[in-house]
Amino acid sequence: MEMEKIRCLIIGSGPAGYTAAIYASRANLNPVVFEGPQPGGQLTITTEIENFPGYPEGITGPEMMDQIRTQALRFGADIRPQIITKVDFSKRPFLCEAEDGKQMLADAVIIATGASAKYLGLEDEVKYRGMGVSACATCDGFFYRKKVVAVVGGGDTACEEAIYLSNLAKKVYLIVRKDYLRASKIMQQRVFDNENIEVLFNTNTVGLFGEDGVEGAHLVRHKGTENEEFFDIDIDGFFLAIGHKPNTDIFKEWIELDEAGYIKVEGNTSLTNVEGVFAAGDVADPRYRQGITAAGMGAKAAIDVERFLLEH
Ligand code: NDP
């Protein structure tokens, strides 16, 4: 049986994948998008998006992703609700396999599989998701103006999110499992100097409570020691900032990753270490992780593919 040949295969469907599809279809590259397990990506699990330019009244995450998807379809992108489960980047064209076992050959590939926020693994995080539990302060912080929130984590992200929230909320608890912050010294200092932030060291979260949304958290200090102490705090919002995991498992055999698993790209481009394979969005961006930056990277990747295919 003859294998399907694809000029530009896009793996993933957040703002990066769909934007790459818009640009690639307008450049006549006949892109095929495999949307992956979460069509529309992380933004589909946020509520209101108010910081994406062009939406002065704001827009919900699912609505915005649907619009970008529709825009890609308008120019002829072939968007499939399927997952790519295997790739072989050892030679061109690249052999890729979908979940149904169907194989295809791609002249160029854009990886836009995103990253997933890590959660603690508590049942209550699922119960209250979208009802007070969030993994993105920049997306959801605005809803907690003059309220009390908690941020979990001790790294740069947690400090940055706590500082961001401290400008909106009445009070921010920073829940840190160790007796120190892992964040850079300057971020630590900003947290310690901030009167709105109270750091709870040696503290773990064991549960959340509330009637129609989060009203508080059950915490434990010095867990598992003789000084173990259970206590509750009243909060309206619970933010996870314990890191993200880039979705790169199926690529790691071929693509150069950094120590946290993010795809390394060449300078300010979308080029990976494999010629003909490009990366865009959160999968290659541990730093900004915004919808608008991911969309920009998607545009860059499609332009890089166009140039690559012209040269080859
Ligand atoms: P990090 O991996 O640096 O930090 C994760 C934090 O979450 C750690 O404090 C860790 O605790 C804690 N944590 C992990 N798992 C759990 C758990 N199950 N329960 C409780 N706490 C947990 O991730 P970040 O997202 O903060 O940063 C990722 C990278 O991005 C870093 O290199 C960072 O420097 C960089 N970054 C830089 C920024 C900047 O320069 N402005 C902004 C944001 C990120 P523990 O310390 O105990 O392991």
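Reading guide: rules and limits
- Residues numbered from 1 in each chain as written.
- Predicted model: local features only at pLDDT ≥ 70, side-chain atom pairs only at ≥ 80, totals over all residues.
- Heavy atoms only, no water.
- Domains from an automatic or database assignment.
- Contact = heavy atoms within 4.5 Å.
- Buried area = accessible area lost by both parts, 1.4 Å probe.
- Salt bridge = Lys/Arg side-chain N within 4 Å of Asp/Glu carboxyl O.
- Polar contact = N/O pair within 3.5 Å; in protein donor to acceptor, adjacent residues only side chain to side chain.
- Nonpolar A, V, L, I, M, F, W, Y, C, P; charged D, E, K, R; others polar.
- Pairing = 2+ DSSP bridges.
- Helix = DSSP H or I, 4+ residues; strand = E, 2+ residues; numbered from the N terminus.
- Disulfide = S-S within 2.5 Å.
- Buried < 20%, exposed > 50% of the residue type's maximum accessible area, 1.4 Å probe, protein only.

## Here's the deal with the domain arrangement of the protein chain
Then, number 1: What the domain assignment lists for the protein chain is domain 1 (4–116 + 244–311) and domain 2 (119–240).
Then, number 2: On the domain 2 side, the residues contacting the seven residues of domain 1 number six residues.
Then, number 3: Overall, the association of domain 1 and domain 2 removes approximately 640 Å² of surface from exposure, summing both partners, and the carbon and sulfur fraction of that is 50%.
Then, number 4: Seen at the junction of domain 1 and domain 2, the total is zero salt bridges.
Then, number 5: At the junction of domain 1 and domain 2, the tally comes to one residue pair in polar contact (both at pLDDT 80 or more).
Then, number 6: Taken together, the residues that form the side of domain 1 that touches domain 2 break down as no nonpolar, four polar and three charged.

## Some details on the pairing of strand 14 (residues 203–209)
Then, number 1: As judged from the six bridges shared by strand 14 and strand 15 (residues 216–221), these two strands associate in the antiparallel manner. When the bridges of strand 15 are listed, Phe209 appears paired with Gly216.

## Section: the state of the cysteines
Then, number 1: For the coordinates displayed, the defined rule picks out one disulfide.
Then, number 2: At a sulfur-sulfur separation of 2.0 Å, the disulfide partner of Cys136 is Cys139. Residues Cys136 and Cys139 are joined through a disulfide that is right-handed, its torsion about the S-S bond being 80°.
Then, number 3: Residue Cys136 is classed as buried on the basis of its relative accessible area of 17%.
Then, number 4: Among the cysteines around Cys159, which has no disulfide bond, Cys136 carries the closest sulfur, lying 16 Å off.

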